[in-house]
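Spelled out, the chains give:
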Amino acid sequence: MKQFSTFLNAIEYHKSCVLCDSKMDINDRDLATDIGYEFRENKQKVSFFVFSNRDDTVTIDPETNEVEFSLKNIAGGIFYHGLTIDCKSCCQFSYVIQVRIDLSKRILLGTSLNSETLSIEDSEMVHEIKNIYATKKTEYTYFPKDGSSKRATFPLVSLNLINPKETIGRLRKLLIFS
Ligand SMILES: [Zn+2]
């Protein structure tokens, strides 16, 4: 699993969408935006709730990797949080980074690439490829025009982000032999 050297490297892993070139952003549902921090424009910090508890928040400054804690209910343990970074323009490309935080020592342990998801439509169907680096699996789901859907899981298949259709070609071949 890819480990990022800094939190900023993780959220800027893909600055723009590989399909439509629009700017990628952290999905609000994974952030505690209502306490006033977001990573965009002039607000430069990322906050999220710990174990979905709204009294407990962690705030990371991506520029310095510094973490601020506001914990009312939690004394310790390791907290894992997934942040989805997606393209709001075409909605066909996203990735998830996993943030690991030691709540006892109050430090950021690390940030890694959990998964990448790409969806591509051709004349026959919509293809969704999800590479889950945490489990080293590729989930390939396809949706023919008749409204059905089928899913196959393979050992990790490398994603060709320059030519995504080439990845689909390889998956279709794997499907024949599976
Ligand atoms: Zn896009």
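This is a predicted model, so every value here is computed, not measured. (Residues numbered from 1 in each chain as written. Predicted model: local features only at pLDDT ≥ 70, side-chain atom pairs only at ≥ 80, totals over all residues.)

Time to look at the overall build of the chain. A tally of regular secondary structure across the chain gives two helices and 13 strands. Scored against the burial criterion, the 178 residues of the chain give a buried share of 19%. Of the contacts formed within the chain by residues at least 6 apart in sequence, a portion of 38% connects residues at least 24 apart. (Helix = DSSP H or I, 4+ residues; strand = E, 2+ residues; numbered from the N terminus. Buried ≥ 20, exposed ≤ 12 C-beta atoms within 10 Å, placed from the backbone. Contact = placed C-beta atoms within 7 Å.)

The subject of this paragraph is unusual backbone geometry. Note on backbone geometry: most residues besides glycine have negative phi, and most peptide bonds are trans. The phi torsion at Asn65 lies on the positive side, around 70°, for a residue other than glycine. The partly exposed category is assigned to Asn65, around which 15 C-beta atoms lie within 10 Å.

In this section: the sheet that holds strand E5 (residues 46–50). With respect to topology, three strands assemble into an open sheet ordered E5-E6-E7, the strand pairing being antiparallel. Both edges of this open sheet fall to E5 and strand E7 (66–70), since each of them pairs with a single strand only. Averaged over all pairs of adjacent strands, the angle between their axes in this sheet comes to 25°, without regard to strand direction. Here strand E6 (residues 53–61) runs beside E7; their pairing, made up of five bridges, is antiparallel. Within E7, the position partnered with Val58 by the bridge is Phe69. (Pairing = 2+ DSSP bridges. Axes fitted to C-alpha atoms, helices over the stretch in contact; angles between N-to-C directions.)

Another aspect to go through is the domain arrangement of the chain. According to the domain assignment, the chain contains domain 1 (3–115) and domain 2 (122–177). Centre-to-centre separation of domain 1 and domain 2, based on C-alpha positions: 27 Å. Tallying the contact residues gives four residues for domain 1 and six residues for domain 2. Grouping the constituent residues of the side of domain 1 that touches domain 2 by class yields two nonpolar, two polar and no charged. (Domains from an automatic or database assignment. Nonpolar A, V, L, I, M, F, W, Y, C, P; charged D, E, K, R; others polar.)

Core analysis: the largest hydrophobic core is formed by 23 residues, its most contacted members being Ile11, Val58, Leu83, Ile85 and Ile97. Those elements that place two or more of their residues in this core are helix H1 (7–11), E5, E6, strand E8 (78–87), strand E9 (93–102) and strand E12 (137–144). Looking at this core element by element, the count peaks at six residues for E9. Each of domain 1 (3–115) and domain 2 (122–177) gives at least three residues to this core. Setting aside residues no more than four positions away along its own chain, Ile85 makes contact with Ile11, Met24, Asp25, Ile26, Ser94, Tyr95 and Ile97. (Core = buried A, V, L, I, M, F, W, Y, C linked by C-beta atoms within 7 Å.)

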